[in-house]
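If you want the building blocks of each chain, they are given just below.
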Amino acid sequence: MEYGAARFWSGVVGVLAALAVIAGYLIGGARLVWGVSAIEVLAVMAWVAHRFRGRAHRRTAGEGPGAAHCERCRRARERLEGRAQPVRY
């Protein structure tokens, strides 16, 4: 999705969220506003988790459970293994 379309849809979602809060207040008062807001927060958190979790740390086929699944983790594992070995003189 290009940047302009993302901006448009985030604006639409923002307006719909504001309208949902206003409708919640008009229908049921402050408690319904809290409920609508909580649902909106959970929906945004789920969307962010879905969007960004798939990008991080993708495993390739054939790696075992102890293998590093990305370059950053491989380097970190090498540093940890280097520290764990005793220094021999």
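So, how was this worked out
Residues numbered from 1 in each chain as written. Predicted model: local features only at pLDDT ≥ 70, side-chain atom pairs only at ≥ 80, totals over all residues. Heavy atoms only, no water. Helix = DSSP H or I, 4+ residues; strand = E, 2+ residues; numbered from the N terminus. Buried < 20%, exposed > 50% of the residue type's maximum accessible area, 1.4 Å probe, protein only. Areas by Shrake-Rupley, 256 points an atom, 1.4 Å probe, with all protein chains shown as cover. Phe/Tyr/Trp six-rings, centres within 6.5 Å; stacked < 30°, edge-to-face > 60°. 1 Å grid on protein atoms, 1.4 Å probe; cavity = no way out; pocket = protein on both sides within 12 Å on 5 of 7 lines; lining within 4 Å. Points joined across faces, edges and corners; volume = space filled by probe spheres on them. Patch = residues over 30% accessible without salt bridge, like charges linked within 9 Å, V, L, I, M, F, W, Y side chains within 5 Å. Salt bridge = Lys/Arg side-chain N within 4 Å of Asp/Glu carboxyl O. pLDDT = per-residue confidence, 0-100.

A word on the overall build of the protein chain. Within the protein chain one finds three helices and zero strands. Written out in order from the N terminus, the α and β elements of the protein chain read α-α-α. Burial analysis of the protein chain (89 residues in total) assigns 6% to the buried set. For the protein chain, the exposed area adds up to about 8,000 Å²; of that, 65% sits on carbon and sulfur atoms.

A full pass over the atoms with the stated rule returns one aromatic pair. Measuring from ring centre to ring centre gives 5.0 Å for Phe 8 and Trp 9, while their planes differ by 75 degrees; the resulting arrangement is edge-to-face.

So, about the layout of surface pockets. Each pocket or cavity is described by its volume, and for the largest pocket that value is around 420 Å³. Lining the largest pocket are twelve residues, and of these Trp 9, Ser 10, Val 13, Val 44 and Trp 47 sit closest to its centre. Considering every element that reaches the lining of the largest pocket, the biggest residue donor is helix α1 (residues 3-28), with six residues.

On to a nonpolar patch on the surface, then. A cluster of nonpolar side chains, namely Val 15, Leu 16, Leu 19, Ile 22, Tyr 25, Leu 26, Ile 27 and Leu 32, defines an oily patch on the protein surface of about 870 Å² accessible area. For Leu 19, the position within the fold is in helix α1. Look at Leu 19 and you get partly exposed, because its relative accessible area is 49%.

For the protein chain, per-residue confidence averages 76 on the pLDDT scale, and 72% of positions sit at 70 or higher. At the low end of the mean pLDDT range in the protein chain sits helix α3 (residues 71-84), at 77; at the high end sits α1, at 84.

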